[in-house]
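Chain residues, written in single-letter form:
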Amino acid sequence: MAPRKKVNDYGTGIPKHEVDALARVLPLEIQAFFESEEGQRAFAEWKARQKKTV
């Protein structure tokens, strides 16, 4: 029997199936946040801070 190839988790210890699940869900959650009133407000505040540092 051939040895199993170890999947590189880049030192996170997070199983690949968990990373895959997050990769499916996280973008949708991020999008929903930025479409919300709270997300719009947070983004506007971030943009204002960015203008001050440039």
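Residues numbered from 1 in each chain as written. Predicted model: local features only at pLDDT ≥ 70, side-chain atom pairs only at ≥ 80, totals over all residues. Heavy atoms only, no water.

**Thoughts on the overall build of the chain**
Moving on, step 1. Per the secondary structure count, the chain includes 2 helices and 0 strands.
Moving on, step 2. In terms of overall size, the chain is more extended than a compact globule, its C-alpha atoms giving a radius of gyration of 19 Å where 54 residues would be expected to give roughly 10 Å.
Moving on, step 3. Dimensions of the chain, computed from C-alpha atoms along their principal axes, come out at roughly 60 × 25 × 10 Å.
Moving on, step 4. Counting all 54 residues of the chain, 2% fall into the buried class.
Moving on, step 5. If you sum the accessible surface of the chain, you get close to 5400 Å²; carbon and sulfur atoms cover 61% of it.
Moving on, step 6. Separation between the mean location of the 10 positive side-chain charges and that of the 8 negative ones in the chain comes to 8 Å. (Helix = DSSP H or I, 4+ residues; strand = E, 2+ residues; numbered from the N terminus. Rg over C-alpha atoms; globule rule 2.2 N^0.38 Å. Buried < 20%, exposed > 50% of the residue type's maximum accessible area, 1.4 Å probe, protein only. Areas by Shrake-Rupley, 256 points an atom, 1.4 Å probe, with all protein chains shown as cover. Lys, Arg positive; Asp, Glu negative; His and termini not counted. Charge placed at Lys NZ, Arg CZ, Asp CG, Glu CD.)

**Details of the pattern of salt bridges**
Moving on, step 1. This structure, assessed with the given rule, holds 1 salt bridge.
Moving on, step 2. Across the pair Lys 16 and Asp 20 runs a salt bridge whose closest N-O atoms are separated by 3.1 Å. Of this pair, Lys 16 and Asp 20 both sit in helix H1 (residues 16–35), separated by 4 residues, roughly a single helical turn.
Moving on, step 3. According to the relative accessible area criterion, Lys 16 is partly exposed, its value standing at 48%. (Salt bridge = Lys/Arg side-chain N within 4 Å of Asp/Glu carboxyl O.)

**Digging into the packing of aromatic side chains**
Moving on, step 1. Applying the stated criterion across every chain yields a total of 3 aromatic pairs.
Moving on, step 2. Pairing Phe 34 with Phe 43 gives two aromatic rings, centres 6.2 Å apart and planes at 90 degrees, and the pair type is edge-to-face.
Moving on, step 3. On the basis of relative accessible area, Phe 34 is assigned to the partly exposed category, the value being 38%.
Moving on, step 4. The exposure class of Phe 43 is partly exposed, given its relative accessible area of 34%.
Moving on, step 5. An angle of 15 degrees between the planes, with centres 5.8 Å apart, marks the rings of Phe 43 and Trp 46 as stacked. Highlighted residues: Phe 43 and Trp 46, both in helix H2 (residues 37–53), separated by 3 residues, approximately one helical turn. (Phe/Tyr/Trp six-rings, centres within 6.5 Å; stacked < 30°, edge-to-face > 60°.)

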